[in-house]
Amino acid sequence: IESAQQREALKKATKHLSDRVKKLENRTTELENQIAEIDEALADPETYKNSARIKELTTTKAAAQTELDATLEDWMMAQAELDEALAAFEKNAF
């Protein structure tokens, strides 16, 4: 029973961190997919017939890349916090 209580305490203590990590992972995937779609459009020779479209795509890609870089940095920090919390719990549990 004590280990079940410990697991529940760990879950409660790390839920916000786990949720944040998951949210950042999901956003990373969305941004990576958006960038891949833009790259695909930029690889199409037809795209280059429309200079406004090229500008739109490159501007959108730059913004997505900037957000992706920040999201990855946030994810690394959140994951490190979660790892530290889990390690501290395991150290105190045994």
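Residues numbered from 1 in each chain as written. Predicted model: local features only at pLDDT ≥ 70, side-chain atom pairs only at ≥ 80, totals over all residues. Heavy atoms only, no water.

## Observations concerning the overall build of the protein
Thinking step 1. A count of helical and extended segments in the protein gives two helices and zero strands.
Thinking step 2. Projected onto the principal axes, the alpha-carbon positions of the protein cover approximately 70 × 20 × 15 Å.
Thinking step 3. Considering the protein as a whole, with its 94 residues, one finds that 21% of them fall into the buried category.
Thinking step 4. Residue pairs in contact within the protein that sit at least 24 positions apart in sequence constitute 75% of those at least 6 positions apart.
Thinking step 5. For the protein, the computed accessible surface area is about 7,000 Å², with 54% contributed by carbon and sulfur atoms.
Thinking step 6. Of the side chains in the protein, 13 bear a positive and 20 a negative charge, and the two mean positions are spaced by 4 Å. (Helix = DSSP H or I, 4+ residues; strand = E, 2+ residues; numbered from the N terminus. Buried < 20%, exposed > 50% of the residue type's maximum accessible area, 1.4 Å probe, protein only. Contact = heavy atoms within 4.5 Å. Areas by Shrake-Rupley, 256 points an atom, 1.4 Å probe, with all protein chains shown as cover. Lys, Arg positive; Asp, Glu negative; His and termini not counted. Charge placed at Lys NZ, Arg CZ, Asp CG, Glu CD.)

## Considerations on the environment of aspartate 83
Thinking step 1. Tracing the backbone shows aspartate 83 in helix α2 (residues 51-93).
Thinking step 2. Classification of aspartate 83 by relative accessible area gives partly exposed; the value is 40%.
Thinking step 3. Remark: the alpha-carbon pair of aspartate 83 and serine 18, spanning 65 residues in sequence, is separated by 9.9 Å.

## Description of the nonpolar core
Thinking step 1. In terms of nonpolar packing, the biggest core is built from five residues, these being Leu17, Val21, Leu24, Ala78 and Leu82.
Thinking step 2. Elements with a contribution of two residues or more to this core: α1 (2-43) and α2.
Thinking step 3. For this core, the element with the highest residue contribution is α1, accounting for three residues.
Thinking step 4. Those residues in contact with valine 21 that sit more than four places away from it in its chain are Trp75, Ala78, Gln79 and Leu82. (Core = buried A, V, L, I, M, F, W, Y, C linked by side-chain atoms within 4.5 Å.)

## A look at the pattern of salt bridges
Thinking step 1. One pass over the full model with this rule turns up seven salt bridges.
Thinking step 2. With a shortest N-O distance of 3.9 Å, aspartate 74 and arginine 20 are connected by a salt bridge. In this pair, aspartate 74 sits in helix α2 while arginine 20 sits in helix α1, placing the two residues 54 residues apart along the sequence.
Thinking step 3. You can call aspartate 74 partly exposed: its relative accessible area is 29%.
Thinking step 4. Arginine 20 sits in the partly exposed class, given a relative accessible area of 38%.
Thinking step 5. Its salt-bridge partner being arginine 27, residue glutamate 67 comes within 2.8 Å of it at the nearest N-O pair. You can see glutamate 67 sitting in helix α2 and its partner arginine 27 sitting in helix α1, a full 40 residues away along the chain.
Thinking step 6. For arginine 27, a relative accessible area of 30% corresponds to the partly exposed category.
Thinking step 7. Beyond isolated ion pairs, a larger network of salt bridges with shared partners links Arg27, Glu30 and Glu67. (Salt bridge = Lys/Arg side-chain N within 4 Å of Asp/Glu carboxyl O.)

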